[in-house]
Amino acid sequence: MWTDTEMTRRLGIPYPIIQGPFGGGLSSARLLAAVSEAGGLGSFGANNLSADKITQVIDEIRTLTDKPFAINLSIPIEDSERLAINADVIKEVTTLLAPYYNQLGVQFPAVPDRFGQDFDAQMDAILAARPPVFSFVFGIPRTDVLQACRDRGILTCGTATTVDEAVAIDAAGVDFVVASGFEAGGHRGSFLKPAEESLMGTFALVPQVVRRVSIPVIAAGGIADGHGIAAAFALGAKAVQIGTAFLACDESGTEALHRERLFSARAGDTVLSRVFSGRLARGIRNEFIDEMRAHEVQLPQYPVQN
Ligand SMILES: Cc1cc2nc3c(=O)[nH]c(=O)nc-3n(C[C@H](O)[C@H](O)[C@H](O)COP(=O)(O)O)c2cc1C
């Protein structure tokens with residue numbers, strides 16, 4: 001049976017289908033619970049949440065389902081929250097973005113004290129709440145963090161965009177690896193080489209990763225139906241992670257305009273761009289992306305631009 005894999009056995013779930021996490025506020029406990037209740041593994045992207053909020057979200061999830069689920073964080077670039085940001089860069093970016101802020105009638109944000117959440121505090125909240133799975137992107141957690149997960153029976157799952165990243169995740173003792181082809185929606189999770197140099201398609205990436213690692217491989221990127229799932233399994237994947245198709249579901253945290261775009265003809269026109277966050281990400285093409293393309297090099301890196 002296609003459903004009987006190392007993933008379903010270790011997770012104790014009926015279907016090897018993972019609802020990919022969505023960072024930046026698009027995840028919802030309702031979507032996670034709907035997927036986990038239906039027999040898949042629901043995920044929640046908690047990268048933008050404080051430790052207290054993470055505790056609250058996990059409490060809420062547990063009122064909705066008693067099935068396995070995953071909580072996802074991004075691994076910070078060293079000291080990224082304390083990046084010393086040059087005033088000239090802020091001035092330049094303010095000038096570039098001012099027309100958009102004016103058009104939308106919103107205030108330009110003040111430079112914050114820190115640009116991201118405190119990863120160690122987020123991690124403490126996760127370790128205390130013990131979700132069945134902790135998944136991550138943009139790197140590999142420190143050895144002590146992975147050990148703390150193991151000690152608490154929390155399974156871990158990393159994201160790779162290249163074979164080398166998958167090998168590094170396996171070598172670190174992580175339980176599962178997502179092989180994310182460049183078709184995938186959202187940020188490229190690349191961490192060993194620049195994202196622009198880590199753009200392999202799912203069909204090419206998955207079988208190479210399968211050959212090089214000892215842990216179960218989860219295929220992600222461009223999978224949205226049974227044909228895609230069957231293809232991923234033929235390539236050696238033990239599960240699939242589906243993002244965009246779940247983003248379009250009623251239960252997701254997607255805004256009305258975003259949802260409308262997902263169902264429009266424009267949804268077929270996606271591009272990789274770093275103009276929104278400073279990190280390469282796949283999104284539906286729009287005027288902002290097109291107009292900012294010429295200025296990409298002037299924009300600050302993630303997480304400042306974000
Ligand atoms: C809006 C959006 C946000 C995402 N945020 C995260 C995230 O925070 N962490 C993560 O590991 N993956 C994130 N992803 C990737 C998805 O979990 C999933 O791997 C990917 O969408 C699969 O490709 P597909 O969109 O072609 O199905 C995000 C994807 C989208 C579309």
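In case you missed it, the structure is sitting above this.
It should be emphasised that the depicted structure is a prediction, and the values quoted were computed from it without experimental measurement.

Caption draft 1: Molecular detail of the site of the ligand. Taken together, 19 residues are adjacent to the ligand, and P21, N72, G222, G243 and T244 come closest. Contact between the ligand and Q241: an oxygen atom at 2.9 Å from a side-chain N or O atom of the residue. One of the backbone nitrogen or oxygen atoms of G243 is found 2.8 Å away from an oxygen atom of the ligand. Contact with the protein chains covers 87% of the free accessible surface of the ligand, which is 610 Å². Tallied by class, residues from the shell around the ligand come to eight nonpolar, 10 polar and one charged.

Caption draft 2: How the structure looks around the sheet that holds strand β5 (residues 155-160). Pairing in this open sheet of eight strands is parallel, and the strands run β1-β9-β8-β6-β5-β4-β3-β2 from one edge to the other. Since the sheet does not close on itself, it has two edges, and those belong to β1 (17-19) and β2 (42-45), each with one partner. Strand after strand, the sheet turns through a mean of 25° between neighbouring axes, direction not considered. As paired elements, strand β3 (residues 69-74) and strand β4 (residues 133-137) share five bridges and run parallel to each other.

Caption draft 3: Broad picture of the sheet that holds strand β7 (residues 186-187). In spatial order, the strands read β7-β11-β10; together these three strands make up an open sheet with antiparallel pairing. Strands at the two margins of the open sheet, each flanked by one partner only, are β7 and β10 (270-273). Alignment of β7 against strand β11 (residues 281-284), held across two bridges, turns out to be antiparallel. Residue pairing across strands places H187 opposite A281, the latter belonging to β11.

Caption draft 4: Representation of the environment of A184 within the structure. Residue placement: A184 occurs in the loop between β6 (176-180) and β7. Among the residues examined, A184 registers a relative accessible area of 11% and is labelled buried. Sequence separation between A184 and G221 is 37 residues; the distance between their C-alpha atoms is 3.7 Å. Excluding anything up to four places from it in sequence, A184 contacts G221, G222 and R282.

Caption draft 5: View of the pairing of strand β9 (residues 239-242). Residues A239 and Q241 point to one face of β9 and V240 and I242 to the other, with burial holding for every one of them. When strand β8 (residues 217-220) meets β9, the two strands line up parallel, connected through three bridges. Residue pairing for β9: I218 is matched across the bridge by A239. Taken together, β8, helix α9 (residues 226-234) and β9 form a β-α-β motif whose crossover is right-handed.

Caption draft 6: Layout of α9. Considered for burial, the residues of α9 that qualify are G228, I229, A232 and F233. Take α9 and look down its axis: the buried residues cluster within an arc of 135°, on one side only. Every exposed residue of α9 that faces more than 90 degrees away from the buried side is listed here: G226, H227 and A234. In this fold, the buried residues of α9 make contact with β1, β8 and β9. Measuring from the side-chain oxygen of the N-cap residue of α9 to the backbone nitrogen of H227 gives 3.2 Å; that N-cap residue is D225.

Caption draft 7: Spatial organisation of the nonpolar core. Ranked by size, the top nonpolar core spans 57 residues in total, and within it M123, V177 and V209 carry the most contacts. Considering every element that reaches this core, the biggest residue donor is helix α5 (residues 119-129), with six residues. Ignoring sequence-local partners within four residues, the contact set of M123 consists of L73, F134, V145 and C149. Judged by nonpolar contacts, the second largest core, of 14 residues, contains A70, C157, V178 and A239.

Caption draft 8: Broad picture of the side chain of S135. Following the sequence through the fold, S135 ends up in strand β4. Side-chain polar atoms of S135 contact the side chain of N72, separated by 2.9 Å. Filtering out sequence-adjacent residues up to four positions away, S135 remains in contact with P21, A70, I71, N72, L73 and C157.

Caption draft 9: Expanded view of the pattern of salt bridges. Taken as a whole, this structure holds 10 salt bridges when the rule is applied. We note a salt bridge from R10 to D175, for which the minimum N-O separation is 3.1 Å. Of this pair, R10 sits in helix α1 (residues 6-11) while D175 sits in the loop between α7 (163-171) and β6, placing them 165 residues apart in sequence. What makes R10 partly exposed here is its relative accessible area of 41%.

What counts as what
- Residues numbered from 1 in each chain as written.
- Predicted model: local features only at pLDDT ≥ 70, side-chain atom pairs only at ≥ 80, totals over all residues.
- Heavy atoms only, no water.
- Near = heavy atom within 4 Å.
- Polar contact = N/O pair within 3.5 Å; in protein donor to acceptor, adjacent residues only side chain to side chain.
- Areas by Shrake-Rupley, 256 points an atom, 1.4 Å probe, with all protein chains shown as cover.
- Nonpolar A, V, L, I, M, F, W, Y, C, P; charged D, E, K, R; others polar.
- Pairing = 2+ DSSP bridges.
- Helix = DSSP H or I, 4+ residues; strand = E, 2+ residues; numbered from the N terminus.
- Axes fitted to C-alpha atoms, helices over the stretch in contact; angles between N-to-C directions.
- Buried < 20%, exposed > 50% of the residue type's maximum accessible area, 1.4 Å probe, protein only.
- Contact = heavy atoms within 4.5 Å.
- Right-handed = clockwise from strand over helix to strand, strands pointing away.
- Arc of directions from axis to C-beta.
- Core = buried A, V, L, I, M, F, W, Y, C linked by side-chain atoms within 4.5 Å.
- Salt bridge = Lys/Arg side-chain N within 4 Å of Asp/Glu carboxyl O.

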